[in-house]
Amino acid sequence: MSWPQGPWVADTSAWARAPAPPVAPLWKRAARAGDLVACPPVTMEMIFDAPDREAVERVAASMAGFRQAPITRAVTDTAIGAMRKLAQRGAPGAHRVRVPDALVAAAAAERGFGVLHYDRHFDTLATVLSFESQWIAPPGSIS
């Protein structure tokens, strides 16, 4: 397993599985190379999952140290457009991707970055947005 060179906006699903044995060496290499990018919805999800005030501060400080893919009006417009395109060309409910995923994908697409993830929604979003959807490991191989 290997990933092409980044930069990669790292989704929450990727951060959660970064310590997994098949992922950890690649993750560390990407981090050392500066290929991992943070995005506000991911930071917010990670803060939400933090168990206490100290963990919240560790997460916020750690994520602030990464290059950022900010959420702008253009990004939100692109995310809305992507959901509309999915609705227009798919079966009923095809537009139902998670809102944070749509924002992360749109932020990555705006900057020409890929998205590193473990979440099928990014494959769906890549059909209507211009970004590389990269699984950190084969689907179903990590819990």
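## Observations concerning the overall build of the protein
1) Next: Tallying secondary structure elements over the protein gives seven helices and five strands in all.
2) Next: Mapped from its N terminus to its C terminus, the protein presents α and β elements in the order β-α-α-β-α-α-β-α-α-β-α-β.
3) Next: For the protein, whose C-alpha radius of gyration is 15 Å, the value lies close to the compact-globule estimate of 15 Å for 143 residues.
4) Next: Counting every position in the protein, which comprises 143 residues, the buried fraction comes to 44%.
5) Next: Across the protein, every contact between residues at least 6 apart in sequence was considered, and the portion connecting residues at least 24 apart equals 65%.
6) Next: Total accessible area on the protein is roughly 7,500 Å²; 57% of this is exposed by carbon and sulfur atoms.
7) Next: A gap of 4 Å separates the mean positions of the 15 positive and 13 negative side-chain charges of the protein.

## Considerations on the packing of helix H5 (residues 73-89) against helix H6 (residues 99-111)
Axes are the key here: two packed helices are described by the angle between their axes and the distance separating the axes.
1) Next: Remark: H5 packs on H6, axes separated minimally by 8 Å, with the N-to-C direction vectors making an angle of 115°. The two elements H5 and H6 cross, and the hand of that crossing is right-handed. Only Ala 102, Leu 103, Ala 106, Ala 107, Glu 110 and Arg 111 of H6 make contact with H5, whose side of the interface consists of Ala 74, Val 75, Thr 76, Thr 78, Ala 79 and Met 83.
2) Next: In the contact of H5 with H6, the residues fall into eight nonpolar, two polar and two charged.

## Observations regarding the nonpolar core
1) Next: Counting residues in each nonpolar core, the largest one holds 46 residues, and the members touching the most others are Trp 3, Val 9, Val 23, Trp 27, Leu 116, Leu 125 and Ile 136.
2) Next: The element that contributes the greatest number of residues to this core is H6, accounting for seven residues.
3) Next: With residues near it in sequence (within four places) discarded, Leu 125 still touches Ala 82, Leu 86, Val 97, Asp 101, Ala 102, Ala 105 and Phe 131.

## Describing unusual backbone geometry
1) Next: Of the consecutive residues Gly 6 and Pro 7, the connecting peptide bond is found in the cis state with omega at 15°.
2) Next: Looking at the element boundaries, Pro 7 is found in the segment before strand E1 (8-10).

## A look at the sheet that holds strand E4 (residues 114-117)
1) Next: Spatially, five strands are ordered E3-E2-E1-E4-E5 in an open sheet, and the strand pairing comes out parallel. Lying at the two open borders of the sheet, with one neighbouring strand each, are strand E3 (67-68) and strand E5 (133-135).
2) Next: Here strand E2 (residues 36-38) pairs with E3 via two bridges, running parallel. When the sheet's bridge partners are listed, Val 37 is paired in E3 with Arg 67.

## Concerning the pattern of salt bridges
1) Next: With the rule as written, the count across this model stands at four salt bridges.
2) Next: Two residues, Glu 45 and Arg 98, come together in a salt bridge whose shortest N-O distance is 2.5 Å. In this pair, Glu 45 sits in helix H3 (residues 40-49) while Arg 98 sits in the loop between H5 and H6, placing the two residues 53 residues apart along the sequence.
3) Next: Taking relative accessible area as the criterion, Glu 45 reaches 15% and is therefore assigned buried.
4) Next: Two residues, Asp 77 and Arg 73, come together in a salt bridge whose shortest N-O distance is 3.0 Å. Residue Asp 77 and its partner Arg 73 are both found in helix H5; the two are separated by four residues, about one turn of the helix.
5) Next: Relative accessible area serves as the criterion here: at 39%, Asp 77 is assigned to the partly exposed category.
6) Next: Shared partners join several salt bridges into a network, and the residues in it are Glu 45, Arg 98 and Asp 101.

Conventions and cut-offs
- Residues numbered from 1 in each chain as written.
- Predicted model: local features only at pLDDT ≥ 70, side-chain atom pairs only at ≥ 80, totals over all residues.
- Heavy atoms only, no water.
- Helix = DSSP H or I, 4+ residues; strand = E, 2+ residues; numbered from the N terminus.
- Rg over C-alpha atoms; globule rule 2.2 N^0.38 Å.
- Buried < 20%, exposed > 50% of the residue type's maximum accessible area, 1.4 Å probe, protein only.
- Contact = heavy atoms within 4.5 Å.
- Areas by Shrake-Rupley, 256 points an atom, 1.4 Å probe, with all protein chains shown as cover.
- Lys, Arg positive; Asp, Glu negative; His and termini not counted.
- Charge placed at Lys NZ, Arg CZ, Asp CG, Glu CD.
- Axes fitted to C-alpha atoms, helices over the stretch in contact; angles between N-to-C directions.
- Left-handed = near helix turned anticlockwise from the far one by under 90°.
- Nonpolar A, V, L, I, M, F, W, Y, C, P; charged D, E, K, R; others polar.
- Core = buried A, V, L, I, M, F, W, Y, C linked by side-chain atoms within 4.5 Å.
- Pairing = 2+ DSSP bridges.
- Salt bridge = Lys/Arg side-chain N within 4 Å of Asp/Glu carboxyl O.

Honestly, it's all geometry; don't read function into it.
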